[in-house]
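Architecture and fold: a report
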Amino acid sequence: MKEINIKNVCITFIVAIIIWFIPIPKGVTPEAWHLFAIFAATILGIILKAAPMGTMCMMAIGFTALTQVLAPGNASASIVKSLSGFGDKVIWLIGISFFIARGFIKTGLGNRIAFLFIKVFGKSSLGLAYGLGLADVCLAPAIPSNTARGGGIIYPIMKSMAISFGSMPDDPKTHRKLGAFLTLNSYYMNLIASSMFLTGTASNPMCQKFAANLGIDITWMSWAIAGFVPGAVAFFIVPLVLYKLFPPELKKTGDAPKMASEKLKEMGPVKKNEWLMLLAFFILLFLWIFGGSLSIDATTTAFIGLTLLLLTSVLTWEDVKSEKGAWDTIVWFAVLVMMASSLNELGFIGWFSDLIKVQIGGLNWLVAFPVIILVYFFSHYIFASATAHVAAMYAALLGVGVSLGIPPMLLAMMLGFMGSIYGVLTHYGHGPAPVFFGSGYVELKAWWLRGLEIGIVLLIIYMAVGGLWMKVIGYY
């Protein structure tokens, strides 16, 4: 498979050139407009899959430094500012969390947790769905790659269970027996879990960073408090709704707990490294929850967790070096955050927010709020990357909403939640989607139709329950 699509690379360059040379709108500085041209082309290249995300971001750094849009006439300052994203603590929070996640997979603790939940809840297909979902929720705070969590831990176990009950990926007649239901439910639960924690998926800290640029402070604990109630409600309701809309033919799975017990028996007693991993996990949770009162931020906590794992040899430096997903994320995350933050500093986001405000400025915030959320949610149909979507639209829509009088924390958190749950819409909408869709259990038409239905259910839950909950806890 070719990494570079020459046709789409050319399209990306042409778009950048067109934007660069069209008349600069009144109220926008040349530097802001030219940086926007590079940013827009980078996002388009990611959407079109012109090249891997890291490649597109490296090109963006090169052009940003070459054109000196961040420091006109000063080549040295330009390259320093172009690389400034790599010094952002949010970048390292998510990168180090990827390394910590490797510990769950390497020690087998992630699999053990999943099998334990199946052993307890797996007597029915619905119970099996909840058991797999609970495992995902428990792992979400410390595994920010929902692709690694869903595709590396939950998916293999889910598929193994489906096959054990005669629901075979290569036999369409057996898909609805169990595999199709578990596939969709496990994917949806993965996205719900991702929305509940700042470290639940890679794009959440990006939302935190963009909100901070607008003076809105989001901590690990404030995100968890806001996300817990709507996430818990969605966790209990979505499997029930899917069970009605897309029911499995097999209702009882009495052998699943026995299978899980056999797997646990094969794994043997909890090993030393698993205990150490569990200890590190609880230390991380404690410091993420109470670290604020101790003047320990989330990134420092992540460093402490990684240090513990390295010192106890749960992880080795070779493990850290070989964790390609983490280094890849650090690179593209740093570049996208640098460009989006610089656009805000150069006044582009403010100008764009004012431009949209002119169009919808007459709306009461109670009307503007759902309009902004719906636009953000359904525009995900055109994005193949949740991160690209967040980078392209989050800051602008947040700025527009705040200028219209929408409570800042309410809108910042709700847009943050959408960054996970809009993935239900398509088979390419979030990192784990291609893994689950690739199982072959669910046809494309069914995936999109169920995704739309569940998406509407999630929108209602998060906007109604989540909005009311944030009022109760004083977020607005």
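Structure's up top.
Below you will find a few notes about this structure. (Residues numbered from 1 in each chain as written. Predicted model: local features only at pLDDT ≥ 70, side-chain atom pairs only at ≥ 80, totals over all residues. Heavy atoms only, no water.)

Before going further, it helps to examine the packing of helix H1 (residues 6-21) against helix H2 (residues 30-47). A pair of packed helices is captured by two measures, namely the crossing angle of their axes and the spacing between those axes. H2 packs onto H1 with a crossing angle of 160 degrees between their chain directions and a minimal axis gap of 8 Å. When the axis of H1 is compared with that of H2, the two are roughly antiparallel. For the pair H1 and H2, the sense of crossing is right-handed. Of H2, the residues touching H1 (which contributes Ile 11, Thr 12, Val 15, Ala 16, Ile 19 and Trp 20) are Trp 33, His 34, Phe 36, Ala 37, Ile 38, Ala 40, Ala 41, Leu 44 and Gly 45. Residue classes in the contact of H1 with H2 are distributed as twelve nonpolar, three polar and no charged. (Axes fitted to C-alpha atoms, helices over the stretch in contact; angles between N-to-C directions. Helix = DSSP H or I, 4+ residues; strand = E, 2+ residues; numbered from the N terminus. Parallel < 35°, antiparallel > 145°, perpendicular 65-115°, else oblique. Left-handed = near helix turned anticlockwise from the far one by under 90°. Contact = heavy atoms within 4.5 Å. Nonpolar A, V, L, I, M, F, W, Y, C, P; charged D, E, K, R; others polar.)

Counting 165 residues, the largest nonpolar core has Tyr 394, Met 418 and Tyr 462 as its most contacted members. Element by element, the count of residues in this core is highest for helix H16 (residues 324-345), at twelve residues. Tyr 394 has contacts with Cys 207, Phe 210, Ala 211, Tyr 376, His 389, Ala 412, Leu 415 and Gly 416, leaving out every residue within four places of it along the chain. (Core = buried A, V, L, I, M, F, W, Y, C linked by side-chain atoms within 4.5 Å. Buried < 20%, exposed > 50% of the residue type's maximum accessible area, 1.4 Å probe, protein only.)

Time to look at a nonpolar patch on the surface. Judged by side-chain polarity, Phe 13, Ile 17, Phe 21, Phe 63 and Leu 66 come together as a nonpolar surface patch covering roughly 550 Å² of accessible area. Of all elements in the fold, only H1 and helix H3 (53-67) reach the threshold of two or more residues within the nonpolar patch. Of the residues forming the nonpolar patch, the biggest block, three residues, is contributed by H1. On the secondary structure map, Phe 13 appears in helix H1. (Patch = residues over 30% accessible without salt bridge, like charges linked within 9 Å, V, L, I, M, F, W, Y side chains within 5 Å. Areas by Shrake-Rupley, 256 points an atom, 1.4 Å probe, with all protein chains shown as cover. Salt bridge = Lys/Arg side-chain N within 4 Å of Asp/Glu carboxyl O.)

Positive phi, normally seen in glycine, also occurs at Gln 68, with a value near 55 degrees. Following the sequence through the fold, Gln 68 ends up in the loop between H3 and helix H4 (75-82). Despite not being glycine, Ser 313 has its phi angle at roughly 65 degrees, a positive value. Judged by its relative accessible area of 48%, Ser 313 is partly exposed.

With that settled, consider helix H12 (residues 256-267). Its twelve residues give H12 an end-to-end C-alpha distance of 17 Å, which sits within 8% of 16 Å, the value for a rise of 1.5 Å per residue. When H12 is considered as a whole, its buried residues turn out to be Ala 256, Pro 257, Met 259, Ala 260 and Leu 264. The buried residues of H12 all sit within an arc of 160 degrees when viewed along its axis, so they share a single face. Seen from the open side of H12, the exposed residues pointing more than 90 degrees away from its buried face are Lys 258, Lys 265 and Glu 266. Buried residues along H12 sit in contact with helix H6 (109-121), helix H7 (125-139) and helix H8 (146-164). At the C-terminal side of H12, Gly 268 shows a positive phi close to 80 degrees. (Expected span 1.5 Å × (residues − 1). Arc of directions from axis to C-beta.)

Here we take up the packing of helix H5 (residues 89-107) against helix H13 (residues 272-290). Two numbers describe how H5 lies on H13: the axes approach to 9 Å, and their chain directions differ by 150 degrees. Looking at the two axes, H5 sits roughly antiparallel to H13. Considering how the two elements wind past one another, H5 and H13 form a crossing that is left-handed. For the pair formed by H5 and H13, the contact residues are Leu 93, Ser 97, Ile 100, Gly 103, Phe 104 and Thr 107 on the first element and Asn 273, Glu 274, Met 277, Phe 281, Leu 284 and Trp 288 on the second. Grouping the amino acids of the contact of H5 with H13 by side-chain chemistry returns seven nonpolar, four polar and one charged.

What follows is about the side chain of Asp 88. Within the secondary structure, Asp 88 is located in the loop between H4 and H5. In contact with Asp 88, not counting residues within four places along its chain, are Lys 209 and Val 337.

Evaluation of the coordinates by the stated rule reveals eight salt bridges. Ionic pairing is found between Asp 88 and Lys 209, a salt bridge with its closest N-O pair at 2.8 Å. Within this pair, whereas Asp 88 is found in the loop between H4 and H5, its partner Lys 209 is found in helix H10 (residues 203-213), the two being separated by 121 residues in sequence. Both residues of the pair, Asp 88 and Lys 209, count as buried.

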